[in-house]
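Read off the chains here:
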Amino acid sequence: MIKIRWILVIIGFMALAIGATSMTGATAEQTVGLFRNDPGAFDGYTLFAPNRSNVTYLIDNDGQIVNTWTSSYGPGVSVYLKENGNLIRTANIRELNNTFGALGGGGGRIEEYAWDGTLIWGYNYSVGLEEYLADPVFQHHDIAVLPNGNVLILAWEYKSGAQAIAAGRDPALMEDGVVFPEHIVEVEPVGETGGNIVWEWYSWDHMIQDFDETQQNFGVVGDHPELIDINYGNTIDDWQHANALNYNEELDQIMISVRAFDELWVIDHSTTTEEAASHSGGDSGMGGDLIYRWGNPQAYDRGDESDRQFFMQHDTQWIEPGLDGAGNILVFNNGQEREPEEFSTVVEIVPPVDASGNYILEDGAAFGPAAPTWSYQAPNPTDFYSSFISGAQRLPNGNTLIDAGAQGHFFEVTSEGDIVWDYISPVTADGPLAQGVVPETRANIVFRATRYGKDYPAFEGKDLVPMGVIELPKQEGTPDPTDTPEPTETPEPTDTPEPTATPVPVVAGDANCDGTVNAIDATLVLQLSAGVVSSLECEGNADVNGDGAVTAVDATLILQFIAGLLPEL
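Residues numbered from 1 in each chain as written. Predicted model: local features only at pLDDT ≥ 70, side-chain atom pairs only at ≥ 80, totals over all residues. Heavy atoms only, no water.

Side note on unusual backbone geometry
Applicable threshold: A helix here means a DSSP run of H or I that spans at least four residues, while a strand means a run of E at least two residues long, and both kinds are numbered starting from the N terminus. Burial classification: accessible surface area is computed with a 1.4 Å probe over protein chains only, and a residue below 20% of its type maximum counts as buried, one above 50% as exposed, and the rest as partly exposed.
A cis amide bond, omega 10°, links Gly76 with the succeeding residue Val77. Among the secondary structure elements, Val77 is positioned in strand β5 (residues 75-81). With an omega of 10°, the peptide bond between Gly368 and Pro369 qualifies as cis. Checked against the element boundaries, Pro369 lands in the loop between β22 (345-349) and β23 (374-376). A positive phi angle, close to 55°, is found at Asp301, a residue other than glycine. Classification of Asp301 by relative accessible area gives partly exposed; the value is 46%. You will see that Glu337, though not glycine, has its phi angle at about 80°, which is positive.

Some points on the pattern of salt bridges
To be explicit about the condition: Criterion for a salt bridge: a side-chain nitrogen of Lys or Arg within 4 Å of a carboxyl oxygen of Asp or Glu.
What the rule picks out here adds up to 14 salt bridges. In this structure, Lys454 and Asp43 form a salt bridge, with 3.1 Å as the shortest nitrogen-oxygen distance. With Lys454 in the loop between β30 (446-453) and α4 (519-530) and Asp43 in the loop between β1 (33-37) and β2 (44-50), this residue pair connects regions lying 411 residues apart in the sequence. One continuous salt-bridge network, built from bridges that share partners, spans Asp262, Glu305, Arg308 and Glu337.

A word on the environment of Asn84
Rules: Contacts are assigned to residue pairs that have any heavy atoms within 4.5 Å of one another. Between N or O atoms, a polar contact is any pair within 3.5 Å; within protein, one atom must be a potential hydrogen donor and the other a potential acceptor, and residues adjacent in sequence are included only when both atoms are from side chains.
Mapping Asn84 onto the fold places it in the loop between β5 and β6 (87-92). A residue is classified by how much of its surface remains accessible, and Asn84, at 43% relative accessible area, is partly exposed. The spatial distance from the C-alpha of Asn84 to the C-alpha of Phe459 is 8.3 Å, given a sequence separation of 375 residues. Residues within four places of Asn84 in sequence aside, it is in contact with Glu112, Ala458 and Lys462. Side-chain polar atoms of Asn84 contact the backbone nitrogen of Asn86, separated by 2.9 Å.

Considerations on the sheet that holds strand β9 (residues 126-127)
We apply this condition: Any two strands with at least two DSSP-identified bridges between them are counted as paired.
One open sheet holds the five strands; their spatial order is β9-β10-β11-β12-β13, and the pairing between them is antiparallel. Bordering the open sheet on either side are β9 and β13 (194-202), each of which pairs with just one other strand. Pairing between β9 and strand β10 (residues 137-145): two bridges, direction antiparallel. Following the sheet pairing, Val127 is matched in β10 by Val137.

Description of the sheet that holds strand β16 (residues 242-248)
Selection rule: To get an axis, fit a line to the C-alpha atoms, keeping to the stretch in contact for a helix; angles then go from 0 to 180 degrees between the N-to-C directions.
Strand order in this open sheet of four strands is β16-β17-β18-β19, and the pairing throughout is antiparallel. At either end of the open sheet lies a strand with only one pairing partner, and these are β16 and β19 (292-294). On average, adjacent strands in this sheet sit at an angle of 15° to one another, irrespective of strand direction. Note that strand β17 (residues 253-258) and strand β18 (residues 263-268) share six bridges and pair antiparallel. Within β18, the position partnered with Gln253 by the bridge is Asp268.

Describing the packing of aromatic side chains
Stated precisely, the cut-off is as follows: Side-chain rings of Phe, Tyr and Trp, where Trp is taken by its six-membered ring, are said to pair if the distance between their centres is within 6.5 Å; with planes under 30 degrees apart they count as stacked, over 60 as edge-to-face, and otherwise as tilted. We call a charge positioned over a ring when the NZ of a Lys or the CZ of an Arg lies within 6 Å of the ring centre and within 35 degrees of the ring normal.
Considering all chains together, one arrives at 26 aromatic pairs under this definition. Seen in terms of ring centroids, Phe138 and Trp156 are 6.3 Å apart; in terms of plane orientation they differ by 10°. Their pairing is stacked. Here the residue Phe138 occupies a position in strand β10, and Trp156 occupies one in strand β11 (residues 151-157), the gap between them amounting to 18 residues. Using a relative accessible area of 0% as the deciding quantity, one classes Trp156 as buried. These aromatic residues form a ring-pair network of at least three members: Tyr45, Trp69, Trp115, Tyr452, Tyr456 and Phe459. A cation over a ring is seen here: Arg394 above Trp374, with NZ or CZ 5.2 Å from the ring centre. Residue placement shows Lys462 over the ring face of Trp115; its charged tip is 5.7 Å from the ring centre.

Let's talk about the side chain of Asp212
For clarity, the threshold we go by: When charges are tallied, Lys and Arg are placed among the positive residues and Asp and Glu among the negative ones, while His and the ends of the chain are skipped.
Tracing the backbone through its elements, the reader meets Asp212 in the loop between β14 (207-208) and β15 (228-229). Despite its burial, Asp212 pairs with no opposite charge, the nearest such side chain being Arg169 at 12 Å. Among all residues touching Asp212, those that are not within four sequence positions of it are Ile165, Gly168 and Phe218.

Considerations on the pairing of strand β12 (residues 182-190)
Of the strand pairs in this sheet, β11 and β12 are connected by six bridges, and their pairing is antiparallel. For Val151, the partnering residue across the bridge sits in β12 and is Val187. In the sheet, β12 pairs with β13 via eight bridges, with the strands oriented antiparallel. Its bridge partner being in β13, His183 is matched across the sheet by Tyr202. The hairpin formed by β12 and β13 contains three residues between the paired strands, and Gly191 there has a positive phi angle of roughly 60°.

As structure tokens, then:
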């Protein structure tokens, strides 16, 4: 990250050389980056980790980078900014675990970085069958940082076909011959790579089934909404597929989003590990059983398809204290399998509780509420559809930040549904796109985006000077996205000449090898020095001061040359 005062000079030169762009609306040829930043938007910094990149970005409301962190691994897939300014993220080491590695959302590792990008803690929660060290487990999708500094980890565990059948699983429902149920562990960080597991919860301890009456967990599913039907859902190994983990400090409860069940589950964290494996204990008196669930009552035989409210949802979370709807639950409802048309919504529900804070459930009925208290959908519903990943966050001004993750599209809406901030991530596996280039399908996907207010403690004393936008400038000759090229005649086939090496032009300052030195070259050099891109086409040309490194100093010299302040480079 660049922390030198003269970055302001660089930005000033870039504004003169490239020309300023309005931050309240997009240009006709814009395809990525900031499209809208209205006065009604909540001013802060947005954190996101593109799924195809090892870089995590923090941008301001103008789409300008204020910090980046670079890992050796891609995300696995969530990321958060702690109050002390450290970044904590999941990391994808799936290639090291052959047991779970092919599953979507797999990670296996948790990393914590200082503001300056220094790795402080790297902890692997990943054991495969081939390791013979312990029962196979693998972190996936999400984590939550507790007030005491410990980390809750959402993970799969391995159960063989024999273990599953012994627990009442119908063999006809195991197309992979094994199952990977969900579990949660609380880890106390130790040193640079260690961790002590201080609390555990396993969904496997809370199963019921009506298939095999010889097993101890045989029973009437509809009589036990606190338990999980081992034969509900799909037939693959990851048959529950949780994708979000959220902690409520006031309630000392944990919520997870169980996508394959189209439900959210709430459990009691006040238990001991022993109580969490049982059906009693903790503040709820229910041990590790489900104390609340919502979204699909047919998962516990108290409804049918017409009662289903969730459609492959993500990012279930309690709205934080002090915000509109505090204590309510906000969910990105993806809409996959919705009939007759698939479209996404963001919904807010009010969980039913009594005066003592216990969740209300009437005999024989499904958990309430009957419907969300608030929802957002596009005026033309199918215009807003992200079939997987994605998230939503209630902001301090009452608006809601939405990440349509399948398109890498972040936008902020008012309670009435008006869009006041709009941004499309330009980051793909090949790095940032140039303005004017339309991202290919799923090339710029983002699991989640989180906005932090400018008064968030993490920013106290930090250098937050904008460093430029992520996307590259529009390249000369790049057609506008709406332009239709004129047809050209197809030449007659001729003999293909032997290829010859094309020499790289040596032009000091020409970072993109187009034969000229302009503000685009300065932008590329600045992005390389900031870690936004990993290499340049003509990196040798970019080192204009000949010190053996490409830095923002070189970008300054290029801009001074363009402005006529230097006779040559």
